[in-house]
There are 2 protein chains.
Amino acid sequence: MEKLKKYVSVKDEDQFYHQGAVELLVFNFLLILTILTIWLFKNHRFRFLHETGGAMLYGLVMGLIIRYATKAPDVESGTVYECEKLKSGPPTLLINITNQVYEYQYKREISHHNVNGHQGNAMLQKMTFDPSIFFNILLPPIIFHAGYSLKKRHFFRNLGSILTYAFLGTAISCVVIGLIMYGFVKAMVHIGQLKGWEFHFTDCLFFGSLMSATDPVTVLAIFHELHVDTDLYTLLFGESVLNDAVAIVLTYSISIYSPKENPNAFDAAAFFQSVGNFLGIFAGSFAMGSSYAVVTALISFMHLTKFTKLCEFPMLETGLFFLLSWSAFLSAEAAGLTGIVAVLFCGVTQAHYTYNNLSPDSKMRTKQLFEFMNFLAENVIFCYMGLALFTFQNHLFNPLFIFGAFVAVFVARACNIYPLSFLLNLGRKQKIPRNFQHMMMFSGLRGAIAFALAIRDTESQPKQMMFTTALLIVFFTVWVFGGGTTPMLTWLQIRVGIDPDEDLKTEAASQSASNLDKNTTKAESAWLFRIWYGFDHKYLKPILTHTGPPLTTTLPAWCNPVAKLLTSPSAYGDQPKDDDTDYIIDNDELTENYESSAHIPVPAQDRTGSTQATGKEDIHEGDLGLGGYKLQLEHTAGQPQMNSLA
Amino acid sequence: MEKLKKYVSVKDEDQFYHQGAVELLVFNFLLILTILTIWLFKNHRFRFLHETGGAMLYGLVMGLIIRYATKAPDVESGTVYECEKLKSGPPTLLINITNQVYEYQYKREISHHNVNGHQGNAMLQKMTFDPSIFFNILLPPIIFHAGYSLKKRHFFRNLGSILTYAFLGTAISCVVIGLIMYGFVKAMVHIGQLKGWEFHFTDCLFFGSLMSATDPVTVLAIFHELHVDTDLYTLLFGESVLNDAVAIVLTYSISIYSPKENPNAFDAAAFFQSVGNFLGIFAGSFAMGSSYAVVTALISFMHLTKFTKLCEFPMLETGLFFLLSWSAFLSAEAAGLTGIVAVLFCGVTQAHYTYNNLSPDSKMRTKQLFEFMNFLAENVIFCYMGLALFTFQNHLFNPLFIFGAFVAVFVARACNIYPLSFLLNLGRKQKIPRNFQHMMMFSGLRGAIAFALAIRDTESQPKQMMFTTALLIVFFTVWVFGGGTTPMLTWLQIRVGIDPDEDLKTEAASQSASNLDKNTTKAESAWLFRIWYGFDHKYLKPILTHTGPPLTTTLPAWCNPVAKLLTSPSAYGDQPKDDDTDYIIDNDELTENYESSAHIPVPAQDRTGSTQATGKEDIHEGDLGLGGYKLQLEHTAGQPQMNSLA
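Model, not experiment: these values are computed from the prediction.

Enquirer: Let's hear about the overall build of chain A: which residues, and what values?
Expert: A count of helical and extended segments in chain A gives 25 helices and three strands. By the burial criterion, 62% of the 646 residues in chain A qualify as buried. Excluding contacts between residues fewer than 6 apart, the proportion of contacts in chain A whose partners are at least 24 apart in sequence is 83%. Surface exposure of chain A reaches about 24900 Å², of which carbon and sulfur atoms provide 66%.

This is the structure:
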């Protein structure tokens, strides 16, 4: 008899294993369907529903099926057992049930009012996976890829505007949404819809910060396909990448904002502490991410006498690159910082330094690996968002709140784009035209980050209402705005079909024709960034990569012994040993000129089905470092102090 | 006050998140260290300790640190709580502790005698991760990679021997180990070491089956580096790949062997049921794996009139390839079959058919992706094996059992290799020489699979003893035999430094010099496989890939309409429309000739730091399909019936 029981329990355990397989199979099936649909869409140039929207739709249908076609609720789940002996929830719990000890693992704390939600069936419970999976597994590759494939040249050209939109814009958006929502919440209280639970202004701000994370994956994919104007593309891409980081840290700072007394009153000390938290976490994560990338660059650059370089072993190189980048994320998380922000800046730094040291094989491997991970993670997230509408068990639909949120999101986006564009245009030589502003306004889609931030905490009723609302806004924006991108582009008469190489060529031509025109395109490379660029080019690049001038020429004479030690032998080439401490012009632009004259063809593997932009520009930079440097000297000789006017 | 508590609990939850990050960070750190060590080893041609052994050593040291340098045991864990209301363990448990509801997730059932083992500290508990992670996440990429990178040509040349070693050999090994262990167990009972718990013959057989899974990753990596004789390499590689599959299914069949009465007595019905289970599961998994691969091949081959081919979108292609291969694993698991076996045959079939349809970009992407995943998974497993010695909390060291196991493993390996080699040499034209047999005997390392099978169930005391013993055998074989591979090769005078291309060239030369010599190398392609090859080449390859002759020429005349529909337009090239139904010679060998005359240089990316063999041979096959076919016709014209002698 006892033996029989043993076998039964083994079977039960097997059932558990297989359950996991079934859920993963459901996801695989959805992803396969999505890929086949993307293929179909690619063939029919079907743009009313984008692939991300398609993935979401499949998820929705699957969620519907799981919800209504699987077995009836389990009776036992949903019952709360008492335990007087325990004082707090231990990580593991051993329970003796009918003389058999079972081990239970702590999952989470749940509020009393959510207990009923747990009476759903097992399949539903299994399909709503742990929110931490989003943050720890699905988001990092997406964010890293965004950083790694950043089109540096265009990015730095528009850096001022991008930073303004990302930092100031996100803050504006957060506050505007918070204020509008607070108005609606007051109205709800007035009607009597919020009986029994509180909704503070900080909750409204929390909602504002999480809804401020824009995610124009869909729009950018379409832009990339249609070859929309590069400046518009860069503005949107740069804004969305940085804005995610800002929104995440902002949300975290608000969630730990704890005023001492009345949570509705303004507490200056707590407010400044939150601002301090924000700055501290942001700076810390930035430092953590970049330092891991610098370590990677140093290791891949290492040239010890008796050692074969690491780039002789592409697999080891790729492995190290992957592990160190992931460690940046994990270390930041372990240190209480924001892993996503760390991994973003790690990606940017890796692309800027380490990429130049990698062997050609590893360059391709790392690019393809992260591209692939990004592709999968993105589709999983969109499928899951669709699924969540039906499988998540604690939805709280409140029409007034949802209506308010829609209004708030659009007003906030307008308050972000139009006033900031106006201000930026005062400073920019190359203005951001009206139609670009409308397009940016229109491209304020909400996606993965907003969803991930909302699902992270769904315990209290306000948080559940926020989650439901965020989910609906994501659906609406991805389907309606995502689908409307192409018509909108036509309607706003934004030029498409621009070959980025052609674009640069014309620019380069006009630049060489009249050197003074340069100020119009270089308008934004303000003095701070030019100083940074000089420093980067003269000191950091030579120390961390094979490119740039030898350190012996850039460091003062008394540093020569150190400089010799640090400089790679390959840096001493046929380079002129001129004193060039007075040039300020940046490296990117010259690389640009060099590239456009060399007219390097676009490599075939970039024409992939990726839904993200691939940053093919950075491929050449490393190789052209020396060329760029030489060109630079010639350039600066002709017009020595010219850039200081800007 | 309540608010404060809320914040504390939020902090607790954060602590949980960060805990996860810390553990992953430990693994990342170990892997980074391993990679740096591999790099060091590559530089110093250091072969006494192989990289896998190094990974294990690092794991061991880290385990030691975690065990003795982390905080003291948690008091609360280890206490068993009573719950009279429950009748069985529900998947989730809601518990009310001091007016706060906590959700607990079912982890496993534990025996009473293991409860004490749970008094370890939290870090130790976290580091011993779920055994199902091995089976569901770490093993599939390794096994798939093995199948995908199988050197088909050499594999099929030695298929008979490989199958004999894998099926018959594993069965012999299992029974021999089982019998010897049963002897030792009886002795232990006699001394009185096994008081209070039973150890049946089926348990011994279970141990025998799990210890029969050889894993010569280390040996093969060294072979690959040293370019050891290709036939020896193939015999070992083929044996170990298939033997894993056999051992896994065997272990599963034995674990569900349930004699009705006395578990020690022989129950014929139950025995035959187990044999039936074995065959059914093996065949089912094989069918599941291959059919997913066939679906992939069909999709990637699809040529609808208005459709762009999938190979125009390498990212989609790679994604689909990856997802369908993974689905093969998951479906098999969900259907109660063995996922690992399914994924192995899926890999083989993917390499054979789908690979030919992929775009050049996807060919590289898939190869590099799986190579990378294999590399990471392998190193994680070896690190974890090292860790497990100190972090696993229910070790049961029994010197007599361990001694017995060492004896049994070596005797069983000898009973597998020597008698079977003798029998095979009776049939083989190209004998397996004595020194190859010794080398195969010596290469019977135990590794990941044995470990994974042992850790899957560590509830009862016999299973714990088995796990501890298996772990020690893995350590010993990897360190001693892995480290001794190079000296052993020298001692056995096995030729090294063979350029596979050179090898083929000489073979091809000798073959063309004397056509009759062919029988010596083709000796093993018995009639069954030649029939299969003819069928594959004439029907399957044309239906599933772009290679092979058009179906219109291979199918009977009355099938012409169907054939025309199924044949790819590219198949009608400048191919002669001869009637070639009478040739039997296989395709691989001709590709070989073609290749060796073309003398394609080894691509640079194959010189990677992978610890697995990369199957560069298959790269060319797809491209050369037509060439091979043409050559074939010329060949067969000269010596029409020759192969039927063999």
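Anyway, onward from the coordinates.
Enquirer: I'd love a proper account of the packing of aromatic side chains, names of residues and values included.
Expert: All names here are of chain A. Counted according to the given criterion, the structure contains 58 aromatic pairs over all chains. Seen from their ring centres, phenylalanine 207 and phenylalanine 401 are 5.4 Å apart, and the 55° between their planes marks the pair as tilted. Residue phenylalanine 207 is located in helix α7 (residues 201–211), and its partner phenylalanine 401 is located in helix α14 (residues 399–427); the two are separated by 194 residues in the primary sequence. Each member of the pair phenylalanine 207 and phenylalanine 401 is classed as buried.

Enquirer: Got a sec to walk through the nonpolar core? Specific residues and values, please.
Expert: Nonpolar side chains tend toward joint burial in soluble globular proteins. With 293 residues, the main nonpolar core has Phe223 of chain A together with Phe223 of chain B as its most contacted residues. In this structure, Ile95 and Tyr102 of chain A together with Ile95 and Tyr104 of chain B belong to the second largest nonpolar core, which totals six residues.

Enquirer: Any chance you could break down the pattern of salt bridges for me, citing the residues and the numbers?
Expert: Within this structure, the stated rule accounts for six salt bridges over all chains. Among the salt bridges present, the one from aspartate 361 of chain A reaches arginine 365 of chain A, with a minimum N-O distance of 3.4 Å. Of this pair, aspartate 361 of chain A and arginine 365 of chain A both sit in helix α13 (residues 360–391), separated by four residues, roughly a single helical turn. Judged by relative accessible area, aspartate 361 of chain A falls into the buried class, the value being 14%. Taken together, the shared-partner salt bridges in this structure form one network comprising Asp361 and Arg365 of chain A together with Glu371 of chain B.

Enquirer: Let's hear about unusual backbone geometry: which residues, and what values?
Expert: All names here are of chain A. The phi angle at glutamine 493 is positive, at roughly 55°, despite the residue not being glycine. Residue position: glutamine 493 is located in the loop between α17 (461–491) and α18 (500–513). Looking at glutamine 493, the relative accessible area reads 70%, which means it is exposed.

Enquirer: Provide a residue-level description of the confidence of the model for chain A, including the pertinent values.
Expert: All names here are of chain A. Confidence in the prediction for chain A averages 73 pLDDT; 65% of positions are at 70 or higher. Ranking the elements of chain A by mean pLDDT puts helix α25 (residues 625–638) last, at 36, and α14 first, at 91. Every residue in residues 1–16 scores below 50 in pLDDT, and together they form ten contacts with partners more than four places removed in sequence or on other chains. For the stretch residues 513–524, pLDDT sits under 50, and the model shows 24 contacts to residues farther than four places along the chain or on other chains. Here the prediction assigns the complex a pTM of 0.78, and the interface score ipTM is 0.77.

Enquirer: Got a sec to walk through helix α8 (residues 217–226) of chain A? Specific residues and values, please.
Expert: Residue and element names in this part refer to chain A. Of all ten residues in α8, eight are buried; the element is thus mostly enclosed. When we look at burial in α8, the residues that qualify are Val217, Thr218, Val219, Leu220, Ala221, Ile222, Phe223 and Leu226. Residues of α8 that are buried in the fold lie against α2 (51–69), α9 (230–255), α13, α15 (434–442) and α17. One or two steps after α8, the chain reaches histidine 227, where phi turns positive at roughly 55°.

Enquirer: Just give me the short version of the domain arrangement of chain A, but keep the residues and values in it.
Expert: The assigned domain composition of chain A is domain 1 (131–498) and domain 2 (529–567). For domain 1 of chain A versus domain 2 of chain A, the distance between C-alpha centres works out to 34 Å.

Cut-offs applied
Residues numbered from 1 in each chain as written. Chains lettered and ligands numbered in written order. Predicted model: local features only at pLDDT ≥ 70, side-chain atom pairs only at ≥ 80, totals over all residues. Heavy atoms only, no water. Helix = DSSP H or I, 4+ residues; strand = E, 2+ residues; numbered from the N terminus. Buried < 20%, exposed > 50% of the residue type's maximum accessible area, 1.4 Å probe, protein only. Contact = heavy atoms within 4.5 Å. Areas by Shrake-Rupley, 256 points an atom, 1.4 Å probe, with all protein chains shown as cover. Phe/Tyr/Trp six-rings, centres within 6.5 Å; stacked < 30°, edge-to-face > 60°. Core = buried A, V, L, I, M, F, W, Y, C linked by side-chain atoms within 4.5 Å. Salt bridge = Lys/Arg side-chain N within 4 Å of Asp/Glu carboxyl O. pLDDT = per-residue confidence, 0-100. Domains from an automatic or database assignment.

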